[in-house]
Amino acid sequence: MKRLVILISAMLAGAAAFSDDTGGTNSNFQFSPPPCPYPFFTPGRTDNKATGTYASMKMGDLKIQGGGIDLLVRPVSRRDYAYSIQVGYMMMQSGDFPSMGGGAAGKAGGDNFMTWDNGKWDLQMNNILGSLVGEYQAVHDPSIDVILLVGPNFTLGWGEMTPDYTKTGVLIWDTNGDGKFSKPTSAAKLKGIELSSYTVGAKAGIQLGVPLGPLELAPFAVLGSMLSGRGTFKMNSGYEEIPSASSSADLPRSNNLSLGLDIIVTPWGLSLGSVFQQVMAKKKADNADIILVTAGWHWVTHKPAGTAATEGNDENGGGAEKAGAAGRKSR
Amino acid sequence: MNNKGRDGRFKGIGFLVLLALAFGGCPYGPRPFIKPGFTRPKLVAVLPPDNHSNSMVGAVYVQRRTAEYLRKVRGWDVVDVVKVEEGLRKIAITDGGQLPSTTPEKVGEAVGAPALVYIELNEFSYTTLGLLNVKKCRAFIRIVDASSGEMLYSAEGYGAESSTAVSGRGAAEAGAAALGGQWLEKAGGAPLAVQVSDMLDRAFEWLP
């Protein structure tokens, strides 16, 4: 117990130090699944999960659809240690993304030009996210589990917004007063706006598992920090004499402390936090027509005895037979 | 925050505190037992489960997976499951439910192993309701010294996973996904594969 108190105190002190470093820390409480969804620490076990998602959202005139894939691999390297690698890709696109309308006006090659669109832009956004989380099972006995988590993460996003000129065309006129268009109408089309961004961050947290008979209480605290990030906005005029405009900005560093809790109905493996999140998401989406189809496959593999790192960490040198006792922590 | 919201939160916290005081630290199922000075048996036989579930396939699968787990993951010497069944047939046992009618000593002689793994398979099921879909496997496992009948180790293992939906369409989608997954698992000869892995990892995690 003393060790547990020290560990929790160290985590909280670390969290406080982390937040002081950058000034602002947002915090929130959430009733949701805990950050470590597979709390197994059997050496040689690997949890693998592949999830495919198709999403379509219609809200008024706006319709966005897309899909993605998410891969998770979580090998347990020792009796107390595991790490998980997660990589996800998501693409969303819309042919009817609302714009401000109008477009751009300017002067090029002695010509005044003006473009406008019909208020509908094509949008395509891509996102890749990845994370590596190291998990340390600090305390494990039938009465309580304590898992500490730490690791980096990143997001990469890019996309393009393109005006839909096919219906309205582009107007260009000259100032010579001869009434003739001096440029082909297609030349001055605004090709589009390119957007890109990246963020690099890290998170550290603690997750407890306290069995309450047929329920399990899983409180957790995770401090997430966005350490570096940049967003770039580039406008491609598509007109050779009009330079493309580009601007970039660093994203401000931020910290977010998430305090959360889940209650798991053990006999069913049912996360009440997950149900609560579903209910809240449905409430938010009540005025939107959302189709979300998810298909996932979870499989578990075990390395044969002797190939897992168990033996190397056994202080007693007794191989797999003694490794369980050697690695176990108790209060 | 308004008073109503704060009161609701306090009531929620109060409920959790009461729950923690009443059941705090009580694990789901019986606590594991390990005989002091436990040493790994030289050879074990995994006996057919005493099947309290509604699944015949589940009992056969759990016996095979348990034998594989002890052999591959734990590195134990395990008598082949086919040989165990042949040995049991010699003493007129064809089902795990008949095992309590005889002594571990006789069973050990019949299967040729000094230690026996008894499995009580309590749940092995898919429940697909759409709004709630549950896959679960639960078994109580004992390792017994065949010559003395002494219990060397016992623990309960379980594996359970749920998916839920909160709307009619969501229920249809979740139900279809659950049925599709169930069909794929059964077609692949590995029903409740992840839940059985979870059950075995939990059942044997306290084994030295």
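## Points about the overall build of chain B
Counting its regular elements, chain B contains six helices and six strands. Across the 208 residues that make up chain B, the buried fraction comes to 42%. Within chain B, counting contacts between residues at least 6 apart in sequence, those at least 24 apart form 72% of the total.

## Some details on the pairing of strand β4 (residues 115–128) of chain B
Residue and element names in this part refer to chain B. Across three bridges, the pairing between strand β2 (residues 44–46) and β4 is parallel. Residue pairing for β4: Val46 is matched across the bridge by Val117. Here strand β3 (residues 50–51) pairs with β4 via two bridges, running parallel. Bridging across to β4, Asn51 finds its partner in Leu121. Hairpin connection from β4 to strand β5 (residues 132–145): three residues lie between these consecutive antiparallel strands, with Gly130 at a positive phi of about 90°.

## Considerations on unusual backbone geometry
Residue and element names in this part refer to chain B. Phi is positive for Ala92, which is not a glycine, with a value near 65°. As for its placement among the helices and strands, Ala92 is situated in the loop between α3 (81–90) and α4 (104–111). By C-beta crowding, Ala92 is classed as exposed, having 10 other C-beta atoms within 10 Å. The residue Leu192 is not glycine, and still its phi comes out positive at about 50°. Looking at the secondary structure, you find Leu192 in the loop between α5 (168–187) and α6 (193–204).

## As for the pairing of strand β3 (residues 62–75) of chain A
Residue and element names in this part refer to chain A. When strand β2 (residues 45–59) meets β3, the two strands line up antiparallel, connected through 14 bridges. Pairing of Ser56 across the sheet is with Gln65, part of β3. Hairpin connection of β2 to β3: two residues between the antiparallel strands, including Gly60 at a positive phi of 65°.

## Some thoughts on α5 of chain B
All names here are of chain B. Over its 20 residues, α5 extends 28 Å from the first C-alpha to the last, a length consistent with the 28 Å expected when each residue adds 1.5 Å. For α5, the full list of buried residues reads Ala174, Ala178 and Gly181. Along α5, the residues classed as buried sweep out an arc of 65° about the axis, all on the same side. Opposite its buried face, α5 presents the exposed residues Gly168, Arg169, Gly180, Trp183, Leu184 and Ala187, each directed more than 90 degrees away. Where α5 is buried, its residues touch β4, β5 and β6 (151–164). Positive backbone phi, approximately 70°, marks Gly189, located one or two places after α5.

## Re α6 of chain B
Over its twelve residues, α6 of chain B extends 17 Å from the first C-alpha to the last, a length consistent with the 16 Å expected when each residue adds 1.5 Å. Burial within α6 of chain B is extensive, with eleven of its twelve residues counted as buried. Every buried residue of α6 of chain B is accounted for by Val194, Gln195, Val196, Ser197, Asp198, Met199, Leu200, Asp201, Arg202, Ala203 and Phe204 of chain B. In the core, the buried residues of α6 of chain B are packed alongside β2 and β15 (289–302) of chain A together with α2 (56–73), β5 and β6 of chain B.

## Observations concerning the interface of chain A and chain B
Taken together, the 36 residues of chain A in the interface contact 33 residues of chain B. Every element with two or more residues in the side of chain A that touches chain B is listed here: β10 (192–212), α2 (272–284), β15 and α3 (320–327) of chain A. Of all the elements, β15 of chain A adds the most residues to the side of chain A that touches chain B, at six residues. Classifying every residue of the side of chain A that touches chain B by side-chain character gives 21 nonpolar, eleven polar and four charged.

## Things to note about the confidence of the model for chain B
All names here are of chain B. Residues at a pLDDT of 70 or more form 88% of chain B, whose mean pLDDT is 88. Model confidence for chain B, summarised as mean pLDDT per element, is weakest for helix α1 (residues 3–23) at 60 and strongest for β2 at 97. Model confidence for the complex: the whole-complex pTM is 0.78, and ipTM, which rates the interface, is 0.82.

## With respect to the environment of Thr66 of chain B
Residue and element names in this part refer to chain B. In this structure, Thr66 sits in helix α2. Distance in space between the C-alpha atoms of Thr66 and Val46 is 7.1 Å, their sequence separation being 20 residues. Leaving out residues up to four positions away in the same chain, Thr66 has contacts with Val46, Val117, Ile119 and Leu200.

## Thoughts on the confidence of the model for chain A
Residue and element names in this part refer to chain A. This prediction gives chain A a mean pLDDT of 75; 66% of its residues lie at or above 70. Of the regions scoring below 50 in pLDDT, residues 1–23 engages in 21 contacts with residues more than four places distant in sequence or in other chains. Ignoring residues within four places in sequence, the model shows residues 182–188, a span with pLDDT below 50, making 14 contacts including any to other chains.

## Overview of the nonpolar core
Residues and elements named next belong to chain B. Counting 50 residues, the largest nonpolar core has Val44, Ala45, Val46, Leu47, Leu116, Val117 and Ala139 as the members making the most contacts within it. Elements with a contribution of two residues or more to this core: β2, α2, α3, α4, β4, β5, β6 and α6. Once you skip the residues sitting within four places of it in the chain, Val46 turns out to touch Gln63, Thr66, Ala67, Leu70, Val78, Val81, Val84 and Val117.

About the criteria used
- Residues numbered from 1 in each chain as written.
- Chains lettered and ligands numbered in written order.
- Predicted model: local features only at pLDDT ≥ 70, side-chain atom pairs only at ≥ 80, totals over all residues.
- Helix = DSSP H or I, 4+ residues; strand = E, 2+ residues; numbered from the N terminus.
- Buried ≥ 20, exposed ≤ 12 C-beta atoms within 10 Å, placed from the backbone.
- Contact = placed C-beta atoms within 7 Å.
- Pairing = 2+ DSSP bridges.
- Expected span 1.5 Å × (residues − 1).
- Arc of directions from axis to C-beta.
- Nonpolar A, V, L, I, M, F, W, Y, C, P; charged D, E, K, R; others polar.
- pLDDT = per-residue confidence, 0-100.
- Core = buried A, V, L, I, M, F, W, Y, C linked by C-beta atoms within 7 Å.

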